[in-house]
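Below, each chain spelled out in residue letters.
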Amino acid sequence: MNSMENQKRRISIILVLFSWIFMAAAMAAENASTIPVNVGVVVDLDEPSGKMYLSCIEMALSDFYASHAQYETRVVLNTSNSHEDVVGAAGAALDLIKNVEVKAILGPMTSMQATFVVNLGEKAHVPIISFSATSPSLTSLQSSYFFQFAQNDSTQVKAISGIVQNFGWSRVVPIYVDNMYGEGIMPFLIDALLEVDAHVPYRSVISQSATDDQIEIELYKLMTMQTRVFIVHMMPKLASQLFAKAKEIGMMDKGFVWITTNGIGDRLKAMESVLNSMQGVVSVETDVSDTLKLREFKTRWKRQFQKENPEIIDVELDAFGYRAYDAAFAIAMAVEKVGNASFGSQKGNASSFNSTDLGSLKVSQYGSNISNALSLTSFRGLAGNFSLVDRQLQLSTFKIVNVNGNGGRGRAVGYWTPENGRLVKQLNSTNSCNLSAFNCDALGPIIWPGESLSVPKGWEIPENGTKLRFGVPVRDGFSEFVKVTPNLRTNTTDVTGFSIDVFKAAVDLLPYALPYELIPYAYPNGSSAGTYNDLIYQVYLGKFDAVVGDATIRANRTLYVDFAMPYTESGVVMVVPIIDSRTKNAWVFLQPLTWDLWMTILCFFIFIGFVIWVLEHRINEDFRGPPSYQVGTSFWFSFSTMVFSQRERVVSNLGRFVMIIWVFVVLIVTQSYTANLASLLTVQQLRPAVNDLNDLLRNGEKVGYMKDAFVYDLLIQRGFDDSKLKACGSMEEIDDALSKGSANGGIAAIVHETPYMKLLVAKYCSKYTMIGPIFKTDGFGFAFPKNSPLVSDITQAILNLTDDGLMGMIEDKWIKKDSNCKDSDGNFSSSALGLDSFWGLFLIAGIASIFALIISVTSFLYEHKHVLMPPDSGTSKLKRIRTMFEIFNEKKLSSHTFRSSRHSDSGVGAQVHEVKALSPNNNWPESPQSCINHADTVSVSSRGQASPETNPTLELAITVQETH
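Residues numbered from 1 in each chain as written. Predicted model: local features only at pLDDT ≥ 70, side-chain atom pairs only at ≥ 80, totals over all residues. Heavy atoms only, no water.

Draft legend 1. Local environment of the nonpolar core. F478, I750, F782, F784 and I794 are the most contacted members of the largest nonpolar core, which totals 69 residues. The greatest single-element share of this core, amounting to 7 residues, is contributed by helix α15 (residues 498–508). Among all residues touching I794, those that are not within four sequence positions of it are F503, V507, L510, A564, F782 and F784. (Core = buried A, V, L, I, M, F, W, Y, C linked by side-chain atoms within 4.5 Å. Buried < 20%, exposed > 50% of the residue type's maximum accessible area, 1.4 Å probe, protein only. Helix = DSSP H or I, 4+ residues; strand = E, 2+ residues; numbered from the N terminus. Contact = heavy atoms within 4.5 Å.)

Below is the structure:
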């Protein structure tokens with residue numbers, strides 16, 4: 001039985017030996033059929049993150065060759081520790097290139113380490129593949145052997161500026177580490193912020209080796225500033241110190257805003273110990289899709305890493321670990337693409353290097369081939385699609401997370417996608433938000449520091465006991481705007497005036513407290529310390545936080561400060577004396593009406609007189625008689641209607657129709673003339689002594705200006721000689737100079753800004769008036785430092801003051817008119833009435849008169865058409881027309897005005913004679929006797945005198961007989 005057991009044991013041992021031999025033979029055969037390719041890895045093995053990256057690289061190669069066992073090349077890793085040092089990283093890379101003759105290097109971890117390593121790779125033609133160096137400065141090396149698989153920091157600045165724009169913050173302070181990594185992003189970040197009208201008033205630079213005390217000093221410095229929006233860009237270790245100290249001194253309370261770049265956001269899991277101090281932080285992270293493959297890898301990696309590093313328990317995978325995994329995949333694929341030829345190297349040219357060690361470097365034969373293969377490599381990796389453009393990873397989506405609750409982990413509140421370059425609440429959402437639109441919120445709800453749900457306004461007045469220093473101008477004249485009065489009892493200074501009241505009223509409307517003190521810009525003796533330009537420049541120098549007073553908004557001043565909305569009228573005006581222009585000449589009666597109206601009235605008087613004569617001549621004895629009498633009567637009748645004193649009767653209906661309309665026109669014109677003439681003779685008529693600045697320049701008059709005012713430069717530019725300009729101070733001095741006049745040592749006009757001159761005219765309204773504006777300016781405004789958030793708030797407050805009417809009340813308080821002054825609109829144009837006021841009346845009168853003439857003439861022509869158009873056309877047209885005029889000159893005996901018993905027979909005989917003479921059946925008189933008989937008849941009826949009414953008919957009959 002024992003022999004049988006021994007025999008079975010021997011058989012088992014033999015089978016095990018045979019299996020070992022078979023496996024060894026298989027492995028030897030595999031090793032003989034694959035080509036090893038040395039690839040270096042430079043990481044900080046003293047840091048848990050370095051070990052995590054190395055673990056990801058090793059697992060990537062294991063997974064790659066497990067799924068690609070048929071590949072003939074095998075990447076052999078050669079790991080070197082950089083010891084968290086730039087020199088250490090360079091030494092490790094140099095050793096790998098020179099002694100191990102690696103064909104590519106994965107790493108190093110930081111941007112500063114990568115700078116020198118990339119130069120080594122360029123010399124040796126060895127591709128350097130960085131999966132965690134993100135500084136944009138590395139692209140300036142322009143090495144064809146450097147591959148930046150980590151997302152470039154410059155790609156996230158648009159996402160950060162989008163957050164700032166979304167909440168309308170105008171000032172931002174970046175806090176970054178003082179090295180290549182921190183400085184590399186700054187130019188791109190500031191440019192992106194400027195594109196959304198956000199400015200950087202200060203940059204906080206913190207040393208990489210800064211102590212807690214040094215960080216605390218810098219944070220206290222930031223607390224003394226108004227800006228409350230901070231963008232943090234540094235490595236997690238330094239960021240942990242920063243946020244812990246910020247939490248300690250109260251900078252993680254309500255009102256503060258903290259935004260971090262993905263250098264912190266992608267490693268939030270590694271900062272779990274300090275996340276409680278980061279509550280309310282908004283961070284940018286590289287968005288990595290949570291796929292099944294990624295979840296399985298996380299599980300395997302966690303188990304493998306804990307097995308290899310049991311002493312490290314708080315390491316978590318991050319986006320850079322995923323990039324390290326994909327980088328190892330990419331290098332394995334590129335090596336296989338190069339081919340199965342033997343990887344070799346050749347001796348470099350020692351003369352091209354200064355160092356002996358560098359001179360012995362060998363230039364890789366296949367470096368360019370591997371570089372080209374890497375450039376064309378693309379696949380679906382753990383972190384998403386892997387594809388390179390110019391040896392850099394293509395843009396990816398960024399996730400915006402809010403650190404709060406749940407143990408401090410980030411909660412996604414939005415995304416930034418490279419496809420549309422803007423923030424969205426959800427990926428693949430059709431609802432996009434244009435941040436330029438009003439009140440647009442592209443992010444989900446955010447819990448801000450201090451567990452506040454309301455969006456911080458981005459700035460605060462520092463609560464350190466200090467007040468804002470607002471400079472106030474000091475001047476001698478026009479104290480109604482700004483008046484500085486020393487208070488000897490309290491050893492303080494009282495500042496009052498229109499400008500001061502406006503500012504105080506605006507501050508009262510602000511939704512927050514604004515502690516400030518008004519500091520006169522003066523020497524200890526109380527005199528002004530400089531001009532307004534000097535005062536404005538003090539804000540630029542930081543000696544004042546603002547200028548409150550009557551400072552004019554000028555283009556040259558806006559180069560140094562920002563102005564709030566102007567609170568006064570704009571422009572430069574000219575004030576000149578006014579003279580009473582009440583007419584004292586003999587022709588004043590002509591001034592109420594313009595010359596075109598006078599001529600129109602004259603023409604219509606003549607025209608109406610003619611119309612009435614035509615309508616009344618044949619039927620009205622008042623309009624008959626010798627020609628001179630008729631002309632005189634017509635004019636007398638027409639012009640007498642001005643005073644309604646006409647004695648001639650109008651008997652025709654057409655004449656009465658015309659007179660009704662004409663009398664109405666005359667009534668309106670005479671009443672208007674009377675009223676305007678009374679105004680000219682009784683009301684004081686004021687006009688400026690000078691209407692144009694060019695008149696003063698042309699006549700060589702002296703012009704005044706205020707001391708230390710910019711108006712002096714404007715007048716010099718206009719062409720005035722310095723000798724013709726006189727500086728003035730107070731209103732009393734201006735009044736005295738204007739009263740003297742230019743010829744007596746004074747001035748002909750004063751040129752200054754509208755608010756000042758408005759005050760001057762209000763005080764001396766009976767003596768002076770304003771002309772202009774003659775130059776354009778923007779009025780008075782309060783000056784603040786460039787990009788100050790107070791500008792928009794004060795502007796809004798001034799608008800509210802204007803809308804509520806408070807601005808007018810303040811103006812009435814300080815700019816008071818003389819009690820003897822009357823309101824004047826300053827319009828000095830002529831008050832004479834013109835044709836444009838009455839042309840409608842004249843049009844109606846003209847149409848009515850012409851209409852009456854047409855009816856009258858038409859009726860006359862129709863009544864005597866047999867004279868104008870006889871059956872026998874032998875009579876000349878001229879004689880027929882003359883006969884018509886002669887008939888018109890006769891009385892119309894048939895008119896009711898001439899009807900009487902003694903005239904009836906005569907009228908009938910004349911009519912019969914006329915009809916007989918012109919009858920178609922009696923064109924020729926029967927005999928001379930018949931003519932005589934007719935003449936006798938006329939003679940008898942006319943009491944021995946030939947009737948003038950029958951003479952034309954008789955003459956026509958005789959003329960016809962003689963013609964034949």
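From this point, the discussion proceeds with the structure in view.
Draft legend 2. The arrangement of the packing of aromatic side chains in detail. Under the criterion given, the structure shown has 43 aromatic pairs. An angle of 70° between the planes, with centres 5.1 Å apart, marks the rings of F481 and Y756 as edge-to-face. You can see F481 sitting in the loop between β20 (468–472) and β21 (483–487) and its partner Y756 sitting in helix α23 (residues 754–763), a full 275 residues away along the chain. Overall, F481 belongs to the buried group, its relative accessible area being 1%. Their ring planes at 80° and their centres at 5.4 Å tell us that F503 and Y516 sit as a pair that is edge-to-face. Taken as a pair, F503 in helix α15 and Y516 in strand β23 (residues 516–520) lie far apart in primary sequence, 13 residues in all. Taken together through their ring pairs, the aromatic side chains of F64, Y65, Y71, F147, F149, F297, Y325, F329, F379 and F386 make up a single cluster. The ring centre of F329 lies 5.9 Å from the NZ or CZ of K293, which sits over that ring. Lying across the ring of Y512, K457 places its NZ or CZ 4.9 Å from the centre. (Phe/Tyr/Trp six-rings, centres within 6.5 Å; stacked < 30°, edge-to-face > 60°. Lys NZ or Arg CZ within 6 Å of the ring centre and 35° of its normal.)

Draft legend 3. Layout of the pairing of strand β9 (residues 257–260). Covered by surrounding structure in β9 are V257 and I259 together with W258 and T260, the residues of both alternating faces. Examined bridge by bridge, strand β8 (residues 229–233) and β9 share 4 bridges and lie parallel to one another. Counterpart to I231 in the pairing with β9 is I259. Handedness of the β8-helix α9 (residues 236–249)-β9 crossover: right-handed. (Pairing = 2+ DSSP bridges. Right-handed = clockwise from strand over helix to strand, strands pointing away.)

Draft legend 4. A look at a nonpolar patch on the surface. A cluster of nonpolar side chains, namely V857, L861, L868, M869, I881 and F885, defines an oily patch on the protein surface of about 570 Å² accessible area. Mapped onto the nonpolar patch, the elements with two or more residues apiece are α26 (839–863) and α28 (877–889). Of note, V857 is situated in helix α26. (Patch = residues over 30% accessible without salt bridge, like charges linked within 9 Å, V, L, I, M, F, W, Y side chains within 5 Å. Areas by Shrake-Rupley, 256 points an atom, 1.4 Å probe, with all protein chains shown as cover. Salt bridge = Lys/Arg side-chain N within 4 Å of Asp/Glu carboxyl O.)

Draft legend 5. Local environment of the side chain of S240. Its place among the elements puts S240 in helix α9. A distance of 2.8 Å separates a polar side-chain atom of S240 from the backbone oxygen of P236. Each residue touching S240, except ones within four places of it in the same chain, is listed here: M271 and V274. (Polar contact = N/O pair within 3.5 Å; in protein donor to acceptor, adjacent residues only side chain to side chain.)

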